[in-house]
Amino acid sequence: MSAAHTSRGRAPGHVVVIGGGISGLAAAHRLLEGGARVTLLEASGRLGGKLLAGEIAGVPVDLGAESMLARRPEAVDLARAVGLGERLQPPGTATASLWTRGALRPMPKGHVMGVPGDLAPLAASGVISPEGMARIAEDETLPRTEAGADVAVGEYVAARLGREVVDRLVEPLLGGVYAGDAYRISMRAAVPQLFEAARTERSLIEGVRAVQARAAAQALPGGPVFMGIDGGIGTLPGAVADAVRRAGGEILLRTEVRELRRTAADGWQIAAGGRLIAADAVIVAAPAGAAARLLRDGCPAAADELDTVDHASMALVTMAFRRSDLGTVPSGSGFLVPPVDGHRIKASTFASHKWDWIARADPDLFVLRTSLGRYGDDADLKRDDAELVELSLADLGAAVGLAARPVATTVTRWDGGLPQYAVGHVGRVDRIRAAVAGVSGPLRVCGALYDGVGIPACIGSGQRAADEILGTLAAGPATGE
Ligand SMILES: Cc1cc2nc3c(=O)[nH]c(=O)nc-3n(C[C@H](O)[C@H](O)[C@H](O)COP(=O)(O)OP(=O)(O)OC[C@H]3O[C@@H](n4cnc5c(N)ncnc54)[C@H](O)[C@@H]3O)c2cc1C
């Protein structure tokens with residue numbers, strides 16, 4: 001809550017939030033806590049963006065994001081604040097595997113985003129060939145590798161430990177977050193603790209050990225690393241929206257914002273859904289392309305930067321099987337697939353094992369999902385839904401021996417779903433924020449593009465934008481309607 005605002009004890013004005021994904025909803029929720037009047041405008045007919053609750057064979061499932069990091073407070077705290085505390089639920093299992101080098105192999109423990117700090121479990125896992133393990137050992141004697149102002153994760157790790165670690169470990173783990181390409185993704189933005197280690201330690205393995213030692217010394221509270229919500233993460237947007245409405249916020253669906261105009265009095269006029277809305281301040285919580293269009297006239301420097309951001313597309317194939325059809329039910333939480341192994345799917349998540357609420361809803365059903373497509377590898381996404389199901393079944397057969405036909409399937413396409421944090425991302429975000437904050441009417445941006453694509457980071461960016469707007473409005477006279 002904005003201390004500046006509450007100390008003055010007056011409502012700070014009318015704020016329009018553009019975009020009803022989790023970032024915009026979190027911003028609206030925080031603004032209302034701070035006493036603002038809030039209108040949230042969402043282009044589509046539903047809230048939540050990449051959080052999407054669905055159903056398969058009568059069982060509730062997530063068709064978009066499905067778990068949230070619990071080691072950061074923002075997502076679990078927001079879930080509790082909107083009444084979902086009792087429904088927070090850790091995954092039933094976190095035993096993931098890698099399908100690589102012709103077999104399903106245990107994910108080795110003791111790594112930071114796939115970069116090992118402990119070589120014994122890595123060697124035992126069989127994920128890396130003997131030649132690859134020998135190359136990793138060269139890290140001990142190689143001279144320092146400069147990380148400079150930023151470097152691609154893959155480039156730096158390959159220089160220290162060889163390409164095999166990147167291709168078989170870093171790539172699938174980073175891919176699980178960004179659907180990206182490790183040789184393009186910024187180490188500074190995506191794995192800042194590794195970037196810091198690269199700047200201070202000559203050996204990367206020593207750097208990873210230092211990161212792990214620091215984490216242990218911070219004595220992070222125990223408890224699960226990830227959390228789900230009974231009924232699906234996709235139920236969070238609705239709960240936040242209910243809280244926003246209860247607090248007096250207005251939410252308009254099917255209201256695409258087409259234009260943002262500054263008024264002479266340093267306020268805003270928003271053209272959306274065939275009407276003009278006046279506001280004292282605006283938060284743009286829409287993805288990069290839409291944000292660039294909206295900021296083109298009022299803040300061209302930010303729009304130019306936003307236009308340079310690439311996105312990855314992917315599809316999720318959710319399938320339900322009768323357990324009696326399966327013979328052996330595959331175990332664990334699922335598996336990742338390094339692209340270098342040449343298979344079609346990039347990962348599979350065994351939702352019935354991971355989330356107790358899915359298993360409970362129909363104990364005879366086994367629900368899993370696969371993902372296809374990533375940055376620069378979207379040929380399969382041109383195929384129709386039935387083909388994506390068949391590609392998935394063929395890979396599942398080869399990976400875990402699954403031979404049954406599903407009783408229900410759902411394909412969910414996420415075109416341009418994940419922004420890519422390319423080398424130089426941190427600087428780009430700083431420049432966008434500086435340009436936006438320099439506009440004379442109060443304006444902020446938030447969303448998956450800025451501080452991390454994960455749900456807690458998105459919520460954090462929405463709350464930060466809201467706090468800054470509350471502070472700005474509290475410091476100056478409100479000018480809107
Ligand atoms: C398939 C997939 C799986 C994922 N899995 C996970 C996961 O398990 N855990 C995790 O932490 N993260 C996950 N992520 C990432 C995370 O879900 C997203 O980064 C996050 O939800 C993005 O939220 P957002 O509000 O910033 O953007 P969005 O969800 O994209 O919301 C933006 C909203 O703005 C609206 N909009 C756009 N233009 C306009 C306009 N002109 N006017 C009005 N409204 C507009 C859109 O319709 C949309 O509703 C996943 C992402 C994807 C794609």
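These lines cover the structure that appears in this document, whether it is placed above or below. (Residues numbered from 1 in each chain as written. Predicted model: local features only at pLDDT ≥ 70, side-chain atom pairs only at ≥ 80, totals over all residues. Heavy atoms only, no water.)

1. Regarding the site of the ligand
For the ligand, the set of nearby residues contains 35 residues, the closest of which are S23, E42, K50, S67 and V453. Here an oxygen atom of the ligand sits 2.7 Å away from a polar atom, N or O, in the side chain of S23. Within the backbone of V257, one N or O atom sits 3.0 Å away from a nitrogen atom of the ligand. Here the ligand, which alone exposes 1000 Å², has 88% of that area covered by the protein. Looking at the shell around the ligand, the elements that each hand over two or more residues are α2 (22-33), β17 (311-322), β21 (408-419) and α19 (455-475). (Near = heavy atom within 4 Å. Polar contact = N/O pair within 3.5 Å; in protein donor to acceptor, adjacent residues only side chain to side chain. Areas by Shrake-Rupley, 256 points an atom, 1.4 Å probe, with all protein chains shown as cover. Helix = DSSP H or I, 4+ residues; strand = E, 2+ residues; numbered from the N terminus.)

2. Some remarks on the pattern of salt bridges
One pass over the structure, following the stated rule, counts 34 salt bridges. Linking D362 and R322 is a salt bridge whose minimum nitrogen-to-oxygen distance equals 3.6 Å. Taken together, the residues D362 in the loop between α16 (356-361) and β20 (365-372) and R322 in strand β17 connect sequence positions 40 residues apart. D362 sits in the buried class, given a relative accessible area of 17%. Close ionic contact of D377 with K346 constitutes a salt bridge, the shortest N to O distance being 3.2 Å. Taken together, the residues D377 in the loop between β20 and α17 (385-400) and K346 in strand β19 (residues 345-349) connect sequence positions 31 residues apart. Judged by relative accessible area, K346 falls into the buried class, the value being 13%. Through salt bridges with shared partners, a single ionic network connects R344, D380, R383 and E387. (Salt bridge = Lys/Arg side-chain N within 4 Å of Asp/Glu carboxyl O. Buried < 20%, exposed > 50% of the residue type's maximum accessible area, 1.4 Å probe, protein only.)

3. A look at empty space enclosed by the protein
A full pass over the atoms with the stated rule returns three cavities of 30 Å³ or more. Looking at the largest cavity, its volume works out to about 80 Å³. Among the secondary structure elements, those contributing two or more residues to the lining of the largest cavity are β4 (59-62), α16 and β20. Sort the elements by how many residues they give to the lining of the largest cavity and β20 lands first, with three residues. Grouping the amino acids of the lining of the largest cavity by side-chain chemistry returns seven nonpolar, one polar and three charged. Considered as a void within the structure, the second largest cavity measures approximately 40 Å³ in volume. Looking at the second largest cavity, the residues that line it are L260, W268, L294, L295, G298, C299, V439 and L443. Of the residues that constitute the lining of the second largest cavity, the class distribution is seven nonpolar, one polar and no charged. (1 Å grid on protein atoms, 1.4 Å probe; cavity = no way out; pocket = protein on both sides within 12 Å on 5 of 7 lines; lining within 4 Å. Points joined across faces, edges and corners; volume = space filled by probe spheres on them. Nonpolar A, V, L, I, M, F, W, Y, C, P; charged D, E, K, R; others polar.)

4. Topic: the side chain of R369
Here R369 shows up in strand β20. Buried charge R369 goes without a salt bridge, the closest partner of opposite sign being E66 at 5.0 Å. Separated by 3.1 Å, the side chain of R369 and the backbone oxygen of D62 make a polar contact. R369 has contacts with D62, L63, G64, E66, L316, V317, T318, A347, S348 and T349, leaving out every residue within four places of it along the chain. (Lys, Arg positive; Asp, Glu negative; His and termini not counted. Contact = heavy atoms within 4.5 Å.)

5. A short note on unusual backbone geometry
A positive phi angle is found at R254, which is not glycine, with a value near 50°. Checked against the element boundaries, R254 lands in the loop between β12 (250-252) and β13 (257-262). For D266, which is not glycine, the phi dihedral falls at a positive 65°. Within the secondary structure, D266 is located in the loop between β13 and β14 (268-272).

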